[in-house]
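Structure at a glance
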Amino acid sequence: MDLPKSTEPDPERRVSRPETEASYGIPDDETGLLPWSFVTERLSKDEFFWVGTTRPDGRPHARPIWGIWLEETFHCGGGEGARWVRNLESAPVITVHTEDAESVVILEGRAEKCTATEADERLLERIDEAYEDKYGVPHGTPVFAVRPTTVLAWSDYPEDATKWSFVDTSGDRSS
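Residues numbered from 1 in each chain as written. Predicted model: local features only at pLDDT ≥ 70, side-chain atom pairs only at ≥ 80, totals over all residues. Heavy atoms only, no water.

Among the 5 residues of strand S9 (residues 162-166), 5 are classified as buried, and the element is accordingly described as predominantly covered. Here S9 shows no split at all, with Thr162, Trp164 and Phe166 on one side and Lys163 and Ser165 on the other all buried. Pairing of strand S1 (residues 13-16) with S9 involves 4 bridges; the strand directions are antiparallel. Bridge assignment links arginine 14 to a residue of S9, and that residue is serine 165. In this sheet, S9 lies alongside strand S8 (residues 143-154) in antiparallel orientation, the contact comprising 4 bridges. Residue pairing across strands places alanine 153 opposite threonine 162, the latter belonging to S9. (Buried < 20%, exposed > 50% of the residue type's maximum accessible area, 1.4 Å probe, protein only. Helix = DSSP H or I, 4+ residues; strand = E, 2+ residues; numbered from the N terminus. Pairing = 2+ DSSP bridges.)

Below, the structure written as structure tokens:
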């Protein structure tokens, strides 16, 4: 995939390098950072994603799911009895990972439950339309809106390893 090696300025997100130990070889400078379009393209086109949630007792839980990227937000959902959905009731933090381990997008954020009685009706219609276009079926409610707090991505690790940190404008500092 031939991508431009630049980033778009955006006051809502800061771009940098991921922080890890030096032996991983991530460059110190910002040359070669991925553009935000890499993230939006992967989240829009990929069909399968892994989500990580936290069980009430603190143990991790991972599952494959479907999801769509709409309005800078990842939307996904499952049955009310699904373990990962129940996990979000007690701890609404979630990690979403693309299926590919070489061309990677990892989204960390908070999941907000959208129900037919509480969410914007037009947004729910757009989510259903996007699910139908992508998977051949509408989603229905409930659905979760996952707005990123941090996104990590790379396609040529470690050279283009990129991190975006999002400004929290909600006033909630618990993430």
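Right, let's get into unusual backbone geometry. Following threonine 141, the chain continues to proline 142 via a peptide bond in cis, the omega torsion being 0°. You can see proline 142 is positioned in the loop between helix H3 (121-135) and S8. In this structure, the amide linkage connecting tyrosine 157 to the following residue, proline 158, adopts the cis form with an omega of 5°. Mapped onto the fold, proline 158 is located in the loop between S8 and S9. A positive phi angle, near 55°, is found at glutamate 71, a position not held by glycine. Among the secondary structure elements, glutamate 71 is positioned in the loop between strand S4 (68-70) and strand S5 (73-76). Phi at glutamate 72 takes a positive value of approximately 60°, unusual for a residue other than glycine. One can find glutamate 72 in the loop between S4 and S5.

Structurally, the position occupied by alanine 153 is in strand S8. When the C-alpha positions of alanine 153 and proline 35 are compared, they lie 9.7 Å apart, and in sequence the two are 118 residues distant. Dropping the residues within four chain positions of it, alanine 153 is found in contact with Leu34, Phe38, Val39, Val104, Val105, Asp160, Ala161, Thr162 and Trp164. (Contact = heavy atoms within 4.5 Å.)

A few words on the pairing of S8. Among the 12 residues of S8, 10 are classified as buried, and the element is accordingly described as predominantly covered. As paired elements, S5 and S8 share 3 bridges and run antiparallel to each other. Counterpart to phenylalanine 74 in the pairing with S8 is valine 146. For strand S7 (residues 104-114) and S8, the ladder comprises 11 bridges, and the chain directions are antiparallel. Opposite valine 105, over in S8, you have alanine 153 as the bridge partner.

All we've got here are geometric facts, nothing functional implied.
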